[in-house]
Amino acid sequence: MSPRRNLKTNVLFALAAFALLSVASTTRALAGYPDRIVKIVVPFPPGGGTDVVARTLAQEMAQNLGVHVMIENKPGAGTIIGTQAVASSEGDGYTLLMGTFANAVNPSLKATLPYDPHRDFAPVALVARSFNVVVVNPKSPITSIADLIAVARAEPDKLSYGTFGIGTSAHLAGELFKDMAKVNLATIHYKGAAQALTDLIGGQIQVMFTTVASAAPLIASGQLRALAVTSAERSPAFPQLPTVAEAGVPGYAAESWYGLFAPARTPPEAIDRLNQSAAMAVRSDAFQKLGVDEGLVMVARPPAELDRYFRAEEARWRKLIQDAGIKVE
């Protein structure tokens, strides 16, 4: 054998040996996975709906994984700061992102993002889906979705609906309603749900497409009147309420969701372990109670289903955002 061929053969053997050692090392590391703290990054401030869901999930997953699962809140820039932090983390199974509706709409709302929503992440588990509630002031003459459509058509742009920020579920659910019901509503943006709800109760705005967590206590106390839910099916949390589709806008459905993502290149074995743990967590009593309080539908689906769902939501909202010319600077 020539010296050159011999050298080439030796190099190939060395590369093969290195690859085997790397695989062996990874296998040994994963055999004990997890053996230290797992972190879930929540790209919202503490205390909100996403934070509550993430903390309940972390508590239940910790029992199954046998290690502490901590929450790190990294709010800012419409979830982009926290999402970017996970995208740039090592793919070792110890840093996760609590993804939401925002992950599906940010690529259409923003001209550029500091990460690729697909290339830089690995789906772990679709945890739960939720919906919004269409609410009005209890003194309003509007008592149904049919009434809302009739009044809006009779007096275009006179009715206003409040949101808790551009691109939020409350905003886009309203825009979808305007598009599908063929009505004009003036859009009033607030910096949060609390001020918007205060103005709805005070009569400054006429309608909101708000979250269950923010609306339920006010509905129960008679401070708000609920007209319908935005989900495709009726909700166990409000079984008496029709869906918007049932109430006069066929085909309408707008929902939020919660899903776990890991940085790209996270080993499949770690993702499988995390998916199994999340699936067990959502079956717990704590999560079932949370489902009633927050209006959640527990799903606990595998990584491939989260990927399909995420891509479908991204495509669906992209069309609405583009047609309505919605942008966040």
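Conventions we followed
Residues numbered from 1 in each chain as written. Predicted model: local features only at pLDDT ≥ 70, side-chain atom pairs only at ≥ 80, totals over all residues. Heavy atoms only, no water. Helix = DSSP H or I, 4+ residues; strand = E, 2+ residues; numbered from the N terminus. Buried < 20%, exposed > 50% of the residue type's maximum accessible area, 1.4 Å probe, protein only. Contact = heavy atoms within 4.5 Å. Axes fitted to C-alpha atoms, helices over the stretch in contact; angles between N-to-C directions. Parallel < 35°, antiparallel > 145°, perpendicular 65-115°, else oblique. Left-handed = near helix turned anticlockwise from the far one by under 90°. Polar contact = N/O pair within 3.5 Å; in protein donor to acceptor, adjacent residues only side chain to side chain. Expected span 1.5 Å × (residues − 1).

### A look at the overall build of the protein
Step number 1: A tally of helices and strands in the protein yields 11 helices and 10 strands.
Step number 2: Its C-alpha atoms put the protein at 90 × 40 × 30 Å along the principal axes.
Step number 3: For the protein, with 329 residues in total, the buried portion stands at 49%.
Step number 4: In the protein, once contacts between residues fewer than 6 apart in sequence are set aside, the share between residues at least 24 apart is 79%.

### Focus: the side chain of Thr95
Step number 1: If you trace the backbone, Thr95 turns up in strand β3 (residues 95-100).
Step number 2: Residue Thr95 is classed as buried on the basis of its relative accessible area, which comes to 10%.
Step number 3: Leaving out residues up to four positions away in the same chain, Thr95 has contacts with Lys39, Val41, Val86, Ser89, Ala262 and Pro263.

### Things to note about the packing of helix α2 (residues 49-65) against helix α9 (residues 268-281)
Step number 1: Between α2 and α9, the shortest axis-to-axis distance is 9 Å and the interhelical angle comes to 120°. The angle between α2 and α9 falls in the class oblique. When the axes of α2 and α9 are compared, the crossing they make is right-handed. Of the residues in α9, those in contact with Leu57, Glu60, Met61, Asn64 and Leu65 of α2 are Arg273, Leu274, Ser277, Ala278, Met280 and Ala281.

### Concerning the side chain of Lys178
Step number 1: The topology assignment puts Lys178 in helix α6 (residues 169-181).
Step number 2: Looking at Lys178, its side chain comes within polar contact range of the main-chain oxygen of Leu185, at 3.2 Å.

### Details of α2
Step number 1: Spanning 17 residues, α2 covers 24 Å between terminal C-alpha atoms, matching the ideal 24 Å at 1.5 Å per step.
Step number 2: Within α2, the full set of buried residues consists of Thr50, Asp51, Val53, Ala54, Thr56, Leu57, Ala58, Glu60, Met61, Ala62 and Leu65.
Step number 3: Positive phi shows up at Gly66, right after α2, with a value of about 80°.

These results come straight from atomic positions and should not be treated as a statement about function.
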